[in-house]
Amino acid sequence: MSASTIGTFAGNEQPLNARRTESVDAPFILLLSSEKTHKQFGNVNVVHLIEKANLSVTLCNLKNEVLGFSAFVDYPQFEYEICEDNLWEKWIPNLGVNMLNMCTPINSMFMHYFTAQQEFTMATATEIIRAVFNAVPELYFVLLLIKRDQELEPALANIFKPAHTFKCKGGEFTLYTCQRHNHIPTLHIREAVVEDTDDLTPLFTNLDSLLTQSYGDYFISEAIESQSDHHHCLAAEADGKAVGFMSISSAVNLEFLQDTYELDVFHGLAKPHRDDDLVKAESETSMATISSVSVDSVDPNDEAAQQEGGEGSGTKQETDAKEGEEKEESATKADGDGADGGAKADEDDVASNAGGNGRASVRSNLSRHSSIEGKLSDAHMCPSPLTNDKSLQEGRVVLNPMYSQLVEGDDKKKRKEFRPIYAGKSNAFTIQLFCIEEMHEMRSVDFLPRIFKLFPDKDFAVISLPHLVPEFPLIQNFVRVTPRIGSNSPHELYVFHRHGLLSSNFVVRKARTDDLDKVKTLVEKIAFKERLIADVEKYNDARRDEMGKEIQVFVADCRDQVVGICVISREEDIEYIRSHYNIEDFIYYNHHRRDEHGHLHHFVLNPIFQNFSKMFLKEVLRQGEKSSLYYPVYAHYDNGTATQHSLITGLNYLVPIRPRRQICYPMQELGENLPSDRILNDQLPYALNHINRKLTLEPKVVVNASIVVVGASDVALSFLEILCFCPHLRFNNLILVSRRGFPNGEFDANVHTFSNDDIAKMSLRTWVTAIKGTMIGLNRGHKQIILNDGSTVSYDYLILCNGQQYHIPDPTGCDLQKLATNHDLTPAALYRPFDEGKIAPENVIALNDDYEYEQLVSWAVQIIEDHEQAEVKKEMSPVVIYGRNFASYLVVQLLINCGLKGSQVVLVRPPLFNTQISANDDDGNMDTFNEPAISKLVDQAMEQLHVKVLEDHVLAKWTTKRNNVGNDVVTHVSFTTDTKPLDQLPVSALVCLHPKRINYETFTALNDSCIVFDGRLTIDADFKTNDPLVRAAGPLVKYSRRYHASGSAFRPENQSSREIGFRLAMSVLPIFDPTLEHLISPAEEHSSKDTRDTIDLNQKLVPLYHEPKVIKGELPGGFTYLHVRKPGARSVYELDVDKSDHGMEIVTGDTMKGNYFRLHINQYNCVETITCLVSAENYHMMLPASNILQLYGVHERFLNNLKERFNDNLIADLYAYFRQPWSMILFHDRFPDFKQEIREILSSSPVGADNIPSIEAMVNSLVDEDLVIDESQRELLLKHFEAVGQRRSVEKKLLNFISYNYYHLPMYAKPGMI
């Protein structure tokens, strides 16, 4: 949890640690409960209480033994019947106790349970209360309700004081209170004096010596002595000692900040002026910018905290310059654990930089950025609308995308970004230095009222921090400002408005009819505001939508001004959500009623109050009687569905939920045993975000480090997926640099790990900024990459995943008149790409991404239409496909599907030399399919389609001419062979799938920056290059020679891209994630490699990969093909089959009949290879790929004794076999977890019999003796398995698994059904 404490007990001293309660603590908590506990709190379901409580705290010792527990909820116990609908804030004023009138739902919680070890109750209660107040800075009161006839436990009586006794429906109760200041006193903030230097100097020197090195040993006293009307120094005092320091100044470089950060929603931090230019043309109005809400229409004269600011702010209030606001990118509360006692904002940081050169340099860099797609979580801050980039030109389709890029580049040069002009004076001051002792850091907020008193004419406090400085408690009250697109500032900017101090006036309530006009003002410029307003009107009219679904609308009110709105409804698709998303990673589903799940439609909150976002959501859950909220984000191509919601401003406070892999059910075979329609309902894919009661008080660890990922490969997407789905981390600066931005995953021919549905359900665009460009340079000194348009992108950590690409080949230029052959060529000539500095002919293309495949399809469709519409029919020249890999066969079928005849397609297969440079699955000239039956079928299909295949041909030259628009087009190509050349083959297009190699610009960028390059980029076992800040993975890399791992078995292209991305992410996460063991600190990152190698011997070994390599696609002849094999090098099929330890081949069907299914069971009786091939007419037989992949690595006994049944001729068709109802459990996404649980049973001793060896131990003992287990030994193991009751345990585990997942597995019978 955010606060941890260390305590000791008199007489039995031991360290204590307070942490958030986990469900596994429940059995130990029950052991602590006594009869007195039951009398005071009733018979409580502890598991249910942990699930529903806003905050549960467990106190444990260093052995993690539970010593105490307490649960806190934002409403009194239901069974007490004290108030209706949890609205206790309306009941408490009726008690007539002045002190209780200060209690609000924001600053108060109720203790629902407390128990502790008998001898530790006093200290346990004290430590838990201190931990709670530290964890929730907004909390000022903890309330406790006890029946009047019950005596309060002494430990609690020492903390809680009786406030009032009253009667209600539930009986007679006594209300006890506990106030923050008795445990965590408010700090006394005063003007700093020189005498404080002795107390303050150790605070700074313990954190960082940089200030002392830069400004001398007496910089604190010098800063204090230099105070003036524009510069002040404050000290926080506790027990007569200065424990904190803050230096503030009115010197703010607004011009630089306005150019670098998205400050438009804060009126540019300037005062309103009649010369302000804030409006742009209507056609340019942003759809993503959120409402202009006057931050000054709230009365600034709050209680004593900010009385002195009244006069100056009151004048500004009348000006009412509407600042377009609505944030969400604000700083969430970061974990306080491990905080180093505060942090500092450099005196020379960006906020107070007075130099004028910053503006010009930033603008010059911004103007060069070609195309950037901002992340959705920043949309409310950005002035540019989030639109879909349609790259395909209308009209004539050009095959080579380079010509399209030239036209797009001219269009982009004509576009000008509108920037508001602020003529007013500065309305902000900056915090230059800040530091506080760790034990007082949670009270850092006590500085804020005082600093606004010192500058009564200014409304904003700003502070900037370097990216690698973690957020500290003070910053958690500020709003993080999104950097402008293209900004390379090394700092993060945070803003706090004086009205953010109005906590006691921030009230959440149900909307009233008269709120409608205020809501319209709030959402004036929000995207899809019409839907939001319509929902509010429906709520006012009938409390229901047009479908009869209940709607609830809540507003955040501050002094009669609506500053926020939230619209929710009952979640009607909760069964679908449960079955399709891993919501059970965050909630125990069975502990939540169906009507407690809510659907979040709209959430808008004024940026001033952004630090109350979670409190707003907490109140919505309480007053709406919900326990969970769900918010979908639809893919960019589903804009119609997306308009059912508005882009909420609190997106960063929700956690993304991982989608679940679904079973593809055979409808006909299952019949009435199919899951319900609620589960099978076919919905548009979306990314799901979630918040529940527990998460409202659980802060995320905010990571501001700039992590730049180059290349949108499958490895990169997998890497970003892991980072984005870390629920307790929030990465503010994830940047993807790729030529096309995010892939759409819509083109099956370009075999991807991620489908379009996968990409939609991840919605990486919510958390990642995409920059369209290509890396051409790397400046390691300044930590910047240089893009092809001349712009730069700064990084703290650089991840290279750009892999290898197909290039247009450079014709060898051999003299065909002299009958040159392939023997005259060198491997370098065969793999030499076309000069990228030149423009290739218009009808030549290399296929690397979905965009280029779409270009090819559009071109093929258009050329067919043109040929059919031509008045004079001419024979169409063939399309030449140049490549000898799996993708080349897919392209052949793709063109035929587009309408080309087989005779109009020519496949040219160049010879392939074994090389470490090119990324290819094959070694030497191995067959593409490595399975004679498949290869024979494809060759016959090509022959029947009249597709001409030219073996071992190398492009020698092409002949071009100018077309009617002045572009070069290839009309004829010539090749060399092993014998005589092929000269002047007519072509209509040349499609290149050879050579595949590292981009030359990538090579020069790495080589010029002294990154070790040895044929490929060299990495260690932890994916690091020789620069620890630069990591890489995928076909771009190879392991350093010291690992002796240069063979094809270790080449990344022979591994699962998704698993590589996962391993890469896990190597980076320990740098940022405090919950992971063996943390790698930034200091370790910069330590010498030799030192690290001596510490971690695992660094000597390269990682082993386990997920299969998958190839799929549609082959010539319309055959659907799927091949799954183990990772690593491929061996020749014929040689592999002849090995004595090959295992068993199980084959059904025939390739010629189009119903081929092959399973290879290895010597360990596990599935190692799967090959499926069906014809178009038999496509209904094909099992979905997601189902088939789950068979890999499964023992044949799990497959219903597959080998025995096959040998008994009981299996004639594997397709039909795996469509039978019994097999559905194999395809369940949680089945691997079930197998692991079974393994744990077999590897452990029977319960209560530790002296009896486990099954696994007995097997190991027998193998050690005889190597092979005979039948008698097997019978002995089976008898032991049954005798000790482990068989019963396994059966019980299986039944529990089926029962819990029955919504997915209704085809299985359960006990009692028959």
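In the block above lies the structure referred to throughout.
Throughout what follows, the structure given in this document is the object of discussion. A quick note: this is a predicted structure, and the numbers were derived from the prediction, not measured. (Residues numbered from 1 in each chain as written. Predicted model: local features only at pLDDT ≥ 70, side-chain atom pairs only at ≥ 80, totals over all residues. Heavy atoms only, no water.)

## Quick notes on the packing of helix α38 (residues 1271–1283) against helix α39 (residues 1286–1300)
Item 1. Two elements in contact, α38 and α39, have axes separated by 5 Å at closest approach and are oriented at 70 degrees. Comparing the axis directions of α38 and α39 gives the class roughly perpendicular. Each of Leu1278, Phe1281 and Glu1282 in α38 lies in contact with α39, whose residues at this interface are Gln1286, Arg1287 and Val1290. (Axes fitted to C-alpha atoms, helices over the stretch in contact; angles between N-to-C directions. Helix = DSSP H or I, 4+ residues; strand = E, 2+ residues; numbered from the N terminus. Parallel < 35°, antiparallel > 145°, perpendicular 65-115°, else oblique. Contact = heavy atoms within 4.5 Å.)

## Some details on a negative patch on the surface
Item 1. Among the surface-exposed residues, Asp927, Asp939, Glu943, Glu1134 and Asp1138 lie close enough to one another that they form a single negatively charged patch.
Item 2. Its location among the elements puts Asp939 in helix α27 (residues 932–944). (Patch = residues over 30% accessible without salt bridge, like charges linked within 9 Å, V, L, I, M, F, W, Y side chains within 5 Å. Areas by Shrake-Rupley, 256 points an atom, 1.4 Å probe, with all protein chains shown as cover. Salt bridge = Lys/Arg side-chain N within 4 Å of Asp/Glu carboxyl O. Lys, Arg positive; Asp, Glu negative; His and termini not counted. Charge placed at Lys NZ, Arg CZ, Asp CG, Glu CD.)

## What to know about the nonpolar core
Item 1. Residues Phe160, Phe506, Ile583, Phe616, Phe719, Ile785 and Leu800 are the most contacted members of the largest nonpolar core, which totals 177 residues.
Item 2. Sequence-distant contacts of Phe719, that is, excluding residues within four places in its chain, are made with Ile707, Val709, Ile799, Gly1061, Leu1064, Ala1065 and Val1068.
Item 3. Core analysis: the next-biggest nonpolar cluster, separate from the first, contains 67 residues, Tyr882, Phe886, Cys898 and Leu912 among them. (Core = buried A, V, L, I, M, F, W, Y, C linked by side-chain atoms within 4.5 Å. Buried < 20%, exposed > 50% of the residue type's maximum accessible area, 1.4 Å probe, protein only.)

## Digging into the pairing of strand β30 (residues 775–779)
Item 1. Taken together, the four bridges between β30 and strand β31 (residues 784–787) define a ladder with antiparallel strand orientation. Bridge pairing links Asn779 to Gln784 in β31.
Item 2. Adjacent in sequence and paired antiparallel, β30 and β31 are bridged by four residues, among which Lys783 carries a positive phi angle near 55 degrees. (Pairing = 2+ DSSP bridges.)

## Focus on the pairing of strand β28 (residues 734–738)
Item 1. Across the five residues that make up β28, a large majority, five, are buried.
Item 2. By the alternation rule, side chains of β28 split into Leu734, Leu736 and Ser738 and Ile735 and Val737, which are all buried.
Item 3. Of the pairings in the sheet, the one linking strand β26 (residues 707–710) to β28 comprises four bridges and is parallel in character. Pairing of Val708 across the sheet is with Ile735, part of β28.
Item 4. Here β28 runs beside strand β29 (residues 768–772); their pairing, made up of five bridges, is parallel. Paired with Ile735 across the two strands is Thr769, which belongs to β29.

## Looking at the packing of aromatic side chains
Item 1. Enumeration over the complete set of coordinates arrives at 42 aromatic pairs.
Item 2. Ring centres of Tyr1217 and Phe1218 lie 5.1 Å apart, and the angle between their planes is 75 degrees; this geometry places the pair in the edge-to-face category.
Item 3. Since its relative accessible area comes to 5%, Tyr1217 is described here as buried.
Item 4. Cluster of aromatic residues (ring-pair linked, three or more members): Phe429, Phe452, Phe455, Phe478 and Phe496.
Item 5. The cationic tip of Arg180 hangs over the ring face of Tyr140; the distance from NZ or CZ to the ring centre is 5.3 Å.
Item 6. One cation-aromatic arrangement involves Lys1235 over Phe1198; the distance from NZ or CZ to the ring centre is 5.7 Å. (Phe/Tyr/Trp six-rings, centres within 6.5 Å; stacked < 30°, edge-to-face > 60°. Lys NZ or Arg CZ within 6 Å of the ring centre and 35° of its normal.)

## A look at the pattern of salt bridges
Item 1. Enumeration over the complete set of coordinates arrives at 59 salt bridges.
Item 2. One salt bridge connects Arg780 with Asp1027, and the closest N-O pair in it is separated by 3.0 Å. Here Arg780 is found in the loop between β30 and β31, whereas its partner Asp1027 is found in the loop between β45 (1016–1019) and β46 (1030–1032), with 247 residues between them in sequence.
Item 3. Judged by relative accessible area, Arg780 falls into the partly exposed class, the value being 28%.
Item 4. Salt bridges here are not isolated pairs; linked through shared partners, they connect Lys52, Arg593, Asp595 and Glu596.

## Points about the sheet that holds strand β1 (residues 17–20)
Item 1. Taken together, the seven strands give an open sheet; going across it, the order is β1-β2-β3-β4-β5-β7-β6, and neighbouring strands pair in mixed fashion. Two strands in the sheet have a free side with no partner beyond their single neighbour: β1 and β6 (161–168). Strand after strand, the sheet turns through a mean of 30 degrees between neighbouring axes, direction not considered.
Item 2. Bridge count between strand β4 (residues 108–116) and strand β5 (residues 141–147): three bridges; the pairing is parallel. Its bridge partner lying in β5, Phe110 is registered against Leu143.

## Observations regarding the packing of helix α25 (residues 850–869) against helix α26 (residues 886–898)
Item 1. For the pair α25 and α26, the least separation of the axes is 9 Å and the interaxial angle reads 35 degrees. Both α25 and α26 take part in a crossing whose hand is right-handed. On α26, the residues touching Tyr853, Leu856, Val857, Ala860 and Ile864 of α25 are Ala887, Val891, Leu894, Leu895 and Cys898.
Item 2. Of the residues in the contact of α25 with α26, the class split is ten nonpolar, no polar and no charged. (Left-handed = near helix turned anticlockwise from the far one by under 90°. Nonpolar A, V, L, I, M, F, W, Y, C, P; charged D, E, K, R; others polar.)

## Regarding the sheet that holds strand β13 (residues 371–373)
Hydrogen bonds between backbone groups are what pair the strands of a sheet, and the pairing can be parallel or antiparallel.
Item 1. Taken in spatial order, the six strands make up an open sheet running β13-β29-β28-β26-β33-β46, and their pairing is mixed. Only two strands of the sheet have a single neighbouring strand rather than two, namely β13 and β46. With strand direction ignored, the average angle separating the axes of adjacent strands in the sheet is 20 degrees.
Item 2. Bridge count for strand β33 (residues 797–800) against β46 is three bridges, and the pairing is parallel. Looking at the pairing, Leu800 lines up with Ala1032 of β46.

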